[in-house]
Each structure stands twice: as C-alpha cells, then as structure tokens.
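What the coordinates show
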Amino acid sequence: GDLGADADEGGSQRGVELYQEITDRSANNVLLSEAHNGLGFAHFYGKGDLEPNRTLALLHFEKAALRGSSQGALNAALLLNSDGADAESTVKAVRYFKRAAADGNALANYYLAIFKARGGGGEDRNCTEAFERFWVMARVGPWANDLGDGLKHYLGGRLDEAYESYRAAAAAGYVVAAHNIVFMMDQRRQRRGNAARRLLSLDEGSNHLLADDPSAAPILLDLILRGQEVGPALRSWAHAKLGDCYQYGKSHGCSVADPIRAVGHYNEAIRLDSIPAHFSLGDLYLAGAPGVERNETEAFRLFSEGREKSGRDLASTLTVWAYSALSVLGKLALIM
C-alpha cells in the first residue's frame, strides 16, 4: 500500500505508522524532513486512521522546514496563507515562502512576487522586486496547468493521462514532475514484479504507460539533478535511483547496465545521507559486477553504517523511503 488517494486503508495506515517511526527513532535529517512532510500530508488529507487536521499538518510541515526542507517550508506557507488568514499568519507565511524561494522554488517566488506587487504580509510594495520574482517564476516555463492535471489524473487512477501531463511539465523544466514520473515508473515496475497481480491480470493503464522506454529514467533523473530548486533530500533520492538504473540496466530504466557509474551515484547519494544507497551499494559490492570487484568487507561496512544511521531494521528503512517519495505528489495537491 501507499499514501495515495486510491490506496486502501491498510496501506495508508501502514504508511502513517512508518513515517511516525522515523520521527520517533531516526536522527537522520533527510529522513526526518521527508517523514514530517509525509505526516503533514497524511494529517491534511486524513489518511489511515487520521482525521483531517490542518493544525497538525502545519506542525509537521514546519518541522520539515526546520530541518531544511524547502517543500516543507512551501507547504507551511501555503497553509498559513490560505483563505481567511489573519495578519500574523500571513507574515509567518511570507517567511516560509522566502525560505523556499531561497532554494529556488518557483511557486514560492510567485507568491512573494504577489506580496511585493500588492504589499502585505509585512512586506512593503516594491514593483521592481515583484518583477524580478515573477521573472524567476517565468523561467521555469508553463508548468502549472500540466502539473495540476497530472496530479488530478494520478489521484483519479488515470495513470496514462498523468504520465502525459507530467511529461509536459518536466519538458517545461519543472523537476517535481520528473520526480513524479520516476516514482510512477517504480510503482509500475513493482506491480509488474508481483506474481499474484500478474496471475490475476491486475494492472492499470495501457501497455505504453511510462512506457518502458529505457532512456526515460536517466534523462528524467538528470533533469532533477540539474534543477535549481532541488534540495538534498530529492538530490540524494535521484542519485540513488540513478545508481539502481545503472546497476540493473533495462529492468530499472537504463538501456544498459554500467556498474561503475552506479557506484559513483550511490557514493554521491550516501554523501547526501541516503539510507537506501548504503544497502544498494553494499549489495553491489557483495555480489561484484563487471568493473566492480567483490568486496565483502566494504559491503558489510555499508550495511552496518546504513542500519546505524536509519535507527530501524532494513525492511522498514527501504519501505519508508518508498513511502516518502509520494509526499511530493501529495504536497502538490495543496496548491490546486
């Protein structure tokens, strides 16, 4: 299961529990920021056994922002700046918009441009700065409609249509759309690998969904890494995914396997505090591959370090990272 709107209650509740386990036990800032974003999303929509609660959602988004998450800052700002917000909330929203904009977040720049054009939120009217911020937003391209359509299609279970919309948004330069496509590709691959689903012919969409284009994954992941608004959590995720892509080849979206490049991406992901990359690189060293010498000592060092950093058992670590990816999809719904 997952935290998607079409997930069953069991899956949603398990996701909430895993996020909560991270916030209770992990000391890893990247994981904590993702978990608080996920819990903010869960409280906002009322996932699992939770009732919709904007106050608790805001609390978790603010905790994510305190740990350096620009997405957490953006979501906190959007909640604080919602209809009927008082002056104090609006001033606080502007501070969070500024934090997100400092990481290059285009939507945050758009809202700050509005505040500067009109005045308010503790900001003096300044048309020059408003223009500069609108220009930052404009450089991202005409992504808003495609991104919104992609989310609506995804939440409605229309994955082929979601893919097309996200692909258009990614082509316009919006990195979160590329992230969402890669996430959907992973979801599709996992379901195809489920023997029971294959036996019962349970699969969604047409045969061309995310089509199995072997060049799609590295192109999209490279787009994420080039994006101005990419923070450490998303950057480490992209490097870990590129590592998987080059380690396994076609089954994970790359036309050919390249274990040496996989090692480079895994190491960069580890440098950025990716827990899954510890285990993936450990697996690679444990088995060995062309150009990568088998090294059991290094493999078990990576396994030990990954487990120590995660504060949880291996199964929970890998499962939680899969859940955390969907928080990006959920947060986009706040702006629609």
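Residues numbered from 1 in each chain as written. Predicted model: local features only at pLDDT ≥ 70, side-chain atom pairs only at ≥ 80, totals over all residues. Heavy atoms only, no water.

Re the overall build of the protein
Within the protein, the regular secondary structure consists of 17 helices and 0 strands. The contacts of the protein with a sequence gap of at least 6 include a subset with a gap of at least 24, amounting to 56%. Surface exposure of the protein reaches about 15100 Å², of which carbon and sulfur atoms provide 51%. (Helix = DSSP H or I, 4+ residues; strand = E, 2+ residues; numbered from the N terminus. Contact = heavy atoms within 4.5 Å. Areas by Shrake-Rupley, 256 points an atom, 1.4 Å probe, with all protein chains shown as cover.)

Examining the packing of aromatic side chains
Applying the stated criterion across every chain yields a total of 7 aromatic pairs. For the pair Phe 41 and Tyr 45, a centre-to-centre distance of 5.0 Å together with 70° between the ring planes defines the contact as edge-to-face. Placement of the pair is Phe 41 and Tyr 45 together in helix α2 (residues 29–45), with a separation of 4 residues, close to one helical turn. With a relative accessible area of 7%, Phe 41 lands in the buried category. Residue classification places Tyr 45 among the partly exposed positions, given a relative accessible area of 30%. (Phe/Tyr/Trp six-rings, centres within 6.5 Å; stacked < 30°, edge-to-face > 60°. Buried < 20%, exposed > 50% of the residue type's maximum accessible area, 1.4 Å probe, protein only.)

Looking at the environment of Leu 31
Note that Leu 31 resides in helix α2. Spatially, the C-alpha atom of Leu 31 lies 8.3 Å from that of Ile 275, the residues being 244 residues apart in sequence.

What about the nonpolar core?
As a rule of thumb, nonpolar side chains are buried together in soluble globular proteins. By size, the foremost hydrophobic cluster in this structure holds 33 residues, and its most contacted members are Leu 281, Leu 284 and Tyr 285. Secondary structure elements with two or more residues in this core: α1 (9–25), α2, α13 (232–248), α14 (259–271), α15 (275–287) and α16 (296–310). If one sorts the elements of this core by residue count, α13 sits on top with 7 residues. Contacts of Leu 284, omitting those with residues within four sequence positions, involve Gln 247, Pro 259, Ala 262, Val 263, Tyr 266, Ala 289 and Val 292. (Core = buried A, V, L, I, M, F, W, Y, C linked by side-chain atoms within 4.5 Å.)

Focus on the environment of Met 184
When you line up the elements, Met 184 lands in helix α10 (residues 175–192). A C-alpha to C-alpha distance of 9.4 Å links Met 184 and Ala 162, two positions 22 residues apart in sequence.

Here we look at the confidence of the model for the protein
Counting all residues, the mean pLDDT for the protein is 74, and 71% of those residues have values of 70 or more. Confidence, expressed as mean pLDDT per element, reaches its minimum in the protein at helix α17 (residues 314–332) with 38 and its maximum at α14 with 94. Counting contacts from residues 194–212, a segment whose pLDDT is below 50, to residues more than four positions away or on other chains yields 30 contacts. Long-range and interchain partners of residues 312–336, a stretch whose pLDDT sits below 50, account for 78 contacts in this model, where long-range means more than four residues apart. (pLDDT = per-residue confidence, 0-100.)

Here we look at the side chain of Glu 62
Summarising the element assignment, Glu 62 is placed in helix α3 (residues 54–66). Classification of Glu 62 by relative accessible area gives buried; the value is 14%. Beyond its immediate sequence surroundings of up to four residues, Glu 62 is in contact with Ala 76, Leu 80, Lys 92 and Tyr 96.

A closer look at the packing of helix α5 (residues 87–102) against helix α6 (residues 106–118)
Where α5 meets α6, the axes come as close as 8 Å, and the angle between the chain directions of the two elements is 135°. With respect to α6, the axis of α5 lies oblique. Between α5 and α6 the crossing geometry is left-handed. Taken together, the residues of α6 that come into contact with α5 (itself represented by Thr 90, Val 94, Phe 97, Lys 98, Ala 100 and Ala 101) are Ala 108, Asn 109, Tyr 111, Leu 112 and Phe 115. In terms of residue class, the contact of α5 with α6 is made up of 8 nonpolar, 2 polar and 1 charged. (Axes fitted to C-alpha atoms, helices over the stretch in contact; angles between N-to-C directions. Parallel < 35°, antiparallel > 145°, perpendicular 65-115°, else oblique. Left-handed = near helix turned anticlockwise from the far one by under 90°. Nonpolar A, V, L, I, M, F, W, Y, C, P; charged D, E, K, R; others polar.)

Points about unusual backbone geometry
For residues that are not glycine, phi is negative in most cases, and the peptide bond is trans in most cases. We note that Asp 273 has phi near 75°; this positive angle belongs to a residue other than glycine. Here Asp 273 shows up in the loop between α14 and α15. By relative accessible area, which is 26% here, Asp 273 ends up partly exposed.

Overview of α15
The end-to-end C-alpha distance of α15, which contains 13 residues, comes to 19 Å, matching closely the 18 Å that a straight helix rising 1.5 Å per residue would cover. The buried fraction of α15 is high, at 10 of 13 residues. Those residues of α15 not exposed but buried are Ile 275, Pro 276, Ala 277, His 278, Phe 279, Ser 280, Leu 281, Gly 282, Leu 284 and Tyr 285. For α15, the N-terminal capping position is held by Ser 274, with its side-chain oxygen 3.2 Å away from the main-chain nitrogen of Ala 277. Two residues or fewer past α15, Gly 288 is found with a positive phi of approximately 75°. (Expected span 1.5 Å × (residues − 1). Polar contact = N/O pair within 3.5 Å; in protein donor to acceptor, adjacent residues only side chain to side chain.)

Details of the pattern of salt bridges
Enumeration over the complete set of coordinates arrives at 8 salt bridges. With its nearest N and O atoms 2.9 Å apart, the salt bridge here joins Lys 92 to Glu 62. Note that Lys 92 is positioned in helix α5 and Glu 62 in helix α3, a separation of 30 residues in sequence. Ionic pairing is found between Glu 305 and Arg 301, a salt bridge with its closest N-O pair at 2.9 Å. Pair noted here: Glu 305 and Arg 301 are both in helix α16, with a separation of 4 residues, about one helical turn. With relative accessibility at 23%, the residue Glu 305 sits in the partly exposed group. (Salt bridge = Lys/Arg side-chain N within 4 Å of Asp/Glu carboxyl O.)

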